[in-house]
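Each chain, written out:
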Amino acid sequence: MGPLDFNVVIRNLPYLWEGLQSSFLLAAIAICGGILFGAILAVLRLSSIKPVALAALGYVNFFRSVPLILIIFWFYFLVPLLLGRATGPFLSAAIAFTMFETAYYCEIIRAGVQSLPKGQINAGIASGLSRIQAMRYIVMPQAFRNMTPILLTQSIILFQDTSLVYVVSLRDFMTSASTVANQELRLVEIYIFVAVVYFTICFVASRFVNTFSYGFSR
Amino acid sequence: MIEIRNLSKWYSAFQVLKSCSLSVKRGEVIVVCGPSGSGKSTLIKCVNGLEGFDQGSIVVDGLNVANKADLRVLRTKIGMVFQSLELYPHLSAMDNICLAPMVVLKRSRAEAETRARALLARVGLEDHAAKFPAQLSGGQQQRVAIARALAMDPVVMLFDEPTSALDPEMIKEVLDVMTDLARDGMTMIVVSHEMGFARRVAGRIVFMDGGEIVETKSPQEFFTAPDSERARAFLSKILDH
C-alpha cells in the first residue's frame, strides 16, 4: 500500500455528492413520514378502544423486534410484488424506513403525550373539545415541544442507518463510496472520507440538539 | 338550571358519592365545602361529565349529562375553572381564550378575539393578552382561565377550588372576579374553603362529608347554627385559626 492520496476523493466528489443527496432524501422522507405516522400510531396506541390499542402495540413490538436490515430486504422483494411492477430500491427502502421508524417515533411521541398532566386534556374537554381536538390543539403541540430533542436524536440515528441500504445496492452515500473505492482501489482514503462526512453531519446535528434542549427547558 | 338527583358513584368498592341531591336555580351561587376527600370535586366534575357516575341523574339546562350525545353540547354551556389552573402553556392568554370558541363554536378569529379582549378587560387583564401563562402570576393565570371559560358564553360556571393553589396575596383578585360574576347573575357552583367569599356571595352553602351532602343551608344559618356535629367540627377547624 502506497502513501495516502486524497485526490481520489476530489476526483469523485460529484458522484459521491449524488449519493449523499440520496441518503439525505431517504432520511428526510423517513423522518417526515415516521413522525407523521408515528403521531397517528401513538394516538391509536393510547386509544381507549382495546383492539385498536393492541393492534398499534403489535405493530410497534413487531418492528422493534426485527433487525432493520431484514426489513429493508423484505420490502425490496415485497413492494414490487405488491405493486405488481418493478420499483427500484429507492421506493422500497423509503417505505421500509418509514414503516420501521414509525414504530420508534410512535413510542417517543406516546411517552411525550403521557408525560403531560391529565388536567390539560380535561380543561380542553370541559370546554367542549372532542378528545381528538384536545389532542390536536392542546396535547400534541406541547408534547412535541418537549420531545424535540429526542426526536432529533432518533433522526440522527436514522440518518446513520440509511447506510444499510447498501444491501439492496441503493446508490446512497455509502454505496457510492464503496463503488469508487473498489474501482479506484483506494479503500483507505475513501472510507476515511466517508467516516469524516458521517461524523461531521451527525456531530453538528447533535450539537444542534443540545442547543435546542436548552432553549426549550422552562 | 341544575338538577342533581340521588347521585352515587363508586371507585371499585369505595363509595365516593352517596345519593347526593342538589337543585340549583338560575342565577344562584352555591358554595360546596367540606373536609378533603369528602367528594366535593368529584361531585362538580360529574356535572360536566369529566367524571362518570353509577346511579342517579344530572340534568343541566334541560340536557341529561348521562346522555353521551348531549354531552359535548352541554360542555359548551358549562364553564369550568380548575384548582391547578390548566392554562395551555404553549398558547398566549389571547389564544387560550380563543381556542375553544374557534374550534368548537366555529367563530372567526376576529370575532373570537374581539370577545376575548372584552373578557380580558372584565377580569382586569386587557394589557396581558399577548403574554404566555409562564409570564403571568398565579392569580393572573386563574383570571385568564375564568375569561377562557366565559368565552364559550356558558350558562353555568363550575369552580373547583379555584384559589387553593394560589399564594395568599393573589386570592382576593380571583375572588373579586368571581364576586362580580355572581353579581351579574351567573349560575355558579364553587368548591371552596374561602368562607369569607361564601358568606358574602353564596346563596346556599352545601356541606359535604364522606361522600354525602350533610347539609344545605343559607350562609347565615350555616355559619351560626349548623345542624350536624360534622359541620360544627369542620367549621371550628377552618374558622378558629
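Every value quoted in this text rests on a predicted model; they were computed, and no experiment measured them. (Residues numbered from 1 in each chain as written. Chains lettered and ligands numbered in written order. Predicted model: local features only at pLDDT ≥ 70, side-chain atom pairs only at ≥ 80, totals over all residues.)

J.: Help me out: how do you make sense of the overall build of chain A in this one?
T.: The number of helices and strands found in chain A is 9 helices and 0 strands. N-terminal to C-terminal, the α/β element order of chain A is α-α-α-α-α-α-α-α-α. The C-alpha extent of chain A, read off along each of the three principal axes, is 75 × 45 × 25 Å. Sorting the 218 residues of chain A into buried and exposed places 37% on the buried side. (Helix = DSSP H or I, 4+ residues; strand = E, 2+ residues; numbered from the N terminus. Buried ≥ 20, exposed ≤ 12 C-beta atoms within 10 Å, placed from the backbone.)

J.: Mind showing me how you'd approach the overall build of chain B here?
T.: A count of helices and strands for chain B gives 9 helices and 10 strands. Expected size for 241 residues packed as a compact globule is a radius of gyration near 18 Å; at 18 Å, chain B falls within 12% of this value. With 241 residues in all, chain B has 46% of them scored as buried. When contacts within chain B are restricted to residue pairs at least 6 apart in sequence, long-range pairs at least 24 apart make up 65% of them. (Rg over C-alpha atoms; globule rule 2.2 N^0.38 Å. Contact = placed C-beta atoms within 7 Å.)

J.: I tried to follow the pairing of strand E4 (residues 55-60) of chain B on my own but got confused; where do I start?
T.: The side chains of a regular strand alternate between the sheet's two faces. Residues and elements named next belong to chain B. Pairing of strand E1 (residues 2-11) with E4 involves 5 bridges; the strand directions are antiparallel. Note that in E4 the partner of Glu3 across the bridge is Val59. Direction of pairing for E4 relative to strand E5 (residues 63-64): antiparallel, over a ladder of 2 bridges. Within E5, the residue paired with Val60 across the bridge is Leu63. Joining the antiparallel neighbours E4 and E5 is a turn of 2 residues, in which Asp61 adopts a positive phi near 50°. (Pairing = 2+ DSSP bridges.)

J.: Please explain the nonpolar core as it appears in this structure.
T.: Side chains of nonpolar character tend, in soluble globular proteins, to be buried together. Core analysis: the largest hydrophobic core is formed by 121 residues, its most contacted members being Ile30, Val32 and Val47 of chain B. Beyond its immediate chain neighbours, meaning those up to four positions away, Ile30 of chain B contacts Val24, Met188, Ile189, Val190, Ala202, Gly203, Arg204 and Val206 of chain B. Within the second largest apolar cluster, 10 residues are counted, among which are Met174, Ile190, Phe193 and Val194 of chain A. (Core = buried A, V, L, I, M, F, W, Y, C linked by C-beta atoms within 7 Å.)

J.: It is not clear to me how the sheet that holds E5 of chain B should be interpreted in this structure. Could you clarify?
T.: Whenever strands of a sheet pair, they do so through backbone hydrogen bonds, lying parallel or antiparallel. Strand order across the open sheet formed by 4 strands is E2-E1-E4-E5 (chain B), with antiparallel pairing between neighbours. Each of the sheet's edge strands pairs with one partner strand only, and the pair in question is strand E2 (14-24) and E5 of chain B.

J.: Explanation requested: the environment of Leu91 of chain B in the structure shown.
T.: All names here are of chain B. Within the element layout of this structure, Leu91 appears in the loop between strand E6 (78-81) and helix H3 (93-103). Sequence separation of Leu91 and Gly27 is 64 residues, and the distance between their C-alpha atoms is 32 Å. Beyond its immediate chain neighbours, meaning those up to four positions away, Leu91 contacts Asn96 and Leu99.

J.: What's the story with the interface of chain A and chain B in this structure? I'm lost.
T.: One frequently used descriptor of interface size is the decrease in accessible area upon assembly of the parts. At the interface, 17 residues of chain A touch 18 residues of chain B. A breakdown of the residues in the side of chain A that touches chain B according to their chemical character gives 7 nonpolar, 8 polar and 2 charged. (Nonpolar A, V, L, I, M, F, W, Y, C, P; charged D, E, K, R; others polar.)

J.: How should I be thinking about the packing of H3 of chain B against helix H4 (residues 109-122) of chain B in this particular structure?
T.: Geometrically, a packed helix pair is captured by the angle between its two axes and the distance between the axes. Residue and element names in this part refer to chain B. It is the contact of H3 with H4, at a shortest axis distance of 9 Å, that shows an interaxial angle of 125°. By the angle between their axes, H3 is oblique relative to H4. The two elements H3 and H4 meet at a crossing, and its hand is right-handed. Of the residues in H4, those in contact with Ala93, Met94, Ile97, Cys98, Pro101 and Met102 of H3 are Arg109, Ala112, Glu113, Arg115, Ala116, Leu119 and Leu120. Per-class residue counts for the contact of H3 with H4 are 10 nonpolar, no polar and 3 charged. (Axes fitted to C-alpha atoms, helices over the stretch in contact; angles between N-to-C directions. Parallel < 35°, antiparallel > 145°, perpendicular 65-115°, else oblique. Left-handed = near helix turned anticlockwise from the far one by under 90°.)

J.: What is the right way to look at the pairing of strand E10 (residues 212-217) of chain B in this model?
T.: Residues and elements named next belong to chain B. Of the pairings in the sheet, the one linking strand E9 (residues 204-209) to E10 comprises 5 bridges and is antiparallel in character. Bridge pairing links Asp209 to Glu212 in E10. Remark: 2 residues form the turn of the hairpin made by E9 and E10, two consecutive strands paired antiparallel; Gly210 in that turn has positive phi of roughly 55°.

J.: Looking at this model, I keep getting lost on the sheet that holds E10 of chain B. Mind explaining?
T.: Residues and elements named next belong to chain B. An order of E6-E7-E8-E3-E9-E10 is seen for the 6 strands of this open sheet, with the pairing classed as mixed. Where the open sheet ends on each side, the last strands, each with one partner, are E6 and E10. Between one strand axis and the next, the sheet turns by 15° as a mean value, whatever way the strands run. Across 5 bridges, the pairing between strand E7 (residues 156-160) and strand E8 (residues 187-191) is parallel.

J.: Any chance you could explain helix H1 (residues 40-47) of chain B here in plain terms?
T.: Since one α-helical turn is 3.6 residues long, residues separated by three or four positions face the same way. Residues and elements named next belong to chain B. Among the 8 residues of H1, 8 are classified as buried, and the element is accordingly described as predominantly covered. Those residues of H1 that sit buried are Lys40, Ser41, Thr42, Leu43, Ile44, Lys45, Cys46 and Val47. Backbone geometry just downstream of H1 places Gly49 in the positive-phi region, at approximately 75°.

J.: When you look at the confidence of the model for chain A in this model, what are you seeing that I'm missing?
T.: Regions with low pLDDT should not have their predicted coordinates read in detail. Looking at chain A as a whole, the pLDDT averages 90, with 96% of positions reaching at least 70. Confidence, expressed as mean pLDDT per element, reaches its minimum in chain A at helix H9 (residues 187-216) of chain A with 85 and its maximum at helix H3 (residues 50-65) of chain A with 95. (pLDDT = per-residue confidence, 0-100.)

J.: Whenever I open this one, unusual backbone geometry confuses me. Can you help?
T.: Glycine aside, the phi torsion of most residues is negative, and most peptide linkages are trans. All names here are of chain B. Not every positive phi belongs to a glycine, and Asp61 is a case in point at roughly 50°. Mapped onto the elements of the fold, Asp61 is located in the loop between E4 and E5. Judged by C-beta crowding, with 16 C-beta atoms within 10 Å, Asp61 ranks as partly exposed. At Glu86, a position not held by glycine, the phi torsion is positive, near 60°. Structurally, Glu86 is set in the loop between E6 and H3.

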